[in-house]
Each structure stands twice: as structure tokens, then as C-alpha cells.
Amino acid sequence: QVVLVESGGGLVQAGGSLRLSCAAPGRTFSSRAMGWFRQASGKEREFVAAISRNDDSTEYADSVKGRFTISRDNVKNTVYLQMNSLKPEDTAVYYCAARCYLSPSRVVSEYYYWGQGTQVTVSS
């Protein structure tokens, strides 16, 4: 099984920045597209960003375009989510996920491996 471990969550004020990291086993990470999802209290898990295995394609939710940047380091087997200009509505548990394909997807059900999540809280 693949074990994904997120880190970097925390409490920030609106307008601030945070960088999330997700580490995965090298053999699995190098052959999969990765994604970030989030789930706010009382809401469904939603897509945030995704990146292809070769780092040649990215997808972003409209709500985070221009503010968040997904990237990956295939040497370190880590995917990142740089979050700038954070808003209170960004508050959620953020999950890293791995897909069993090379291309990214916005669909939760198309990701097979998931981390435990890291809490991001943005205050007003």
C-alpha cells in the first residue's frame, strides 16, 4: 500500500501564505499524478489542484486559481501546495492524493491513495 503523509498545515491570517507538503513512496510517486483536495466542516470533499506525473499539466479549482500553486519534486518524492492570499473560506482539512494514472483529475473517486490530512485554518 501507498502511504501519503501531509504536513505544513497551520493557522494563518487572511492574506497570508502557507506551504503544504506531501511525501510518498518513491516507486509509487514517480508513476502517478498527484492531487490536493480539501474538506471544510460540514461540506463535501472538493478538488483543489492536481499535477501530472511529468509536471507538464496542472489543474486548479476556480476558487484557488491565481492564489495556489501545485508543484512536485520527483527526486524528493514530494508534492507541494503553495497557498498565497489565503481567505477564510480556504479553511479546511487538506488531503494529498495519488492517482493510478499519469494525468491529473478533478474527481475524488479517481484517486486511490490518500493521506490523513492536515488542517489549514485562515482567520479573518
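Residues numbered from 1 in each chain as written. Predicted model: local features only at pLDDT ≥ 70, side-chain atom pairs only at ≥ 80, totals over all residues. Heavy atoms only, no water.

**Describing the overall build of the protein chain**
Right, so step 1: Each helix and strand counted, the protein chain has one helix and 11 strands in total.
Right, so step 2: In the protein chain, the succession of helices and strands from N to C terminus is β-β-β-α-β-β-β-β-β-β-β-β.
Right, so step 3: Over its C-alpha trace the protein chain gives a radius of gyration of 13 Å, about what one expects of a compact globule, namely 14 Å for 124 residues.
Right, so step 4: With respect to the three principal axes, the spread of C-alpha positions in the protein chain is 40 × 25 × 25 Å. (Helix = DSSP H or I, 4+ residues; strand = E, 2+ residues; numbered from the N terminus. Rg over C-alpha atoms; globule rule 2.2 N^0.38 Å.)

**Notes on the pairing of strand E8 (residues 78-83)**
Right, so step 1: The element E8 is largely enclosed, with a buried count of five among its six residues.
Right, so step 2: Bridging between strand E3 (residues 18-23) and E8 involves six bridges; their strand directions are antiparallel. In the strand pairing of E8, Arg19 is matched with Gln82.
Right, so step 3: Where strand E7 (residues 68-73) lies against E8, six bridges are found, and the strand directions are antiparallel. Residue pairing for E8: Ser71 is matched across the bridge by Tyr80.
Right, so step 4: Hairpin remark: E7 followed by E8, antiparallel, with four residues in the connecting loop; positive phi at Asn77, about 55°. (Buried < 20%, exposed > 50% of the residue type's maximum accessible area, 1.4 Å probe, protein only. Pairing = 2+ DSSP bridges.)

**Looking at the sheet that holds strand E1 (residues 5-7)**
Right, so step 1: Within the open sheet, the four strands sit side by side as E1-E3-E8-E7. Their pairing is antiparallel. Each of the sheet's edge strands pairs with one partner strand only, and the pair in question is E1 and E7. Between one strand axis and the next, the sheet turns through 15° on average, direction left out of account. (Axes fitted to C-alpha atoms, helices over the stretch in contact; angles between N-to-C directions.)

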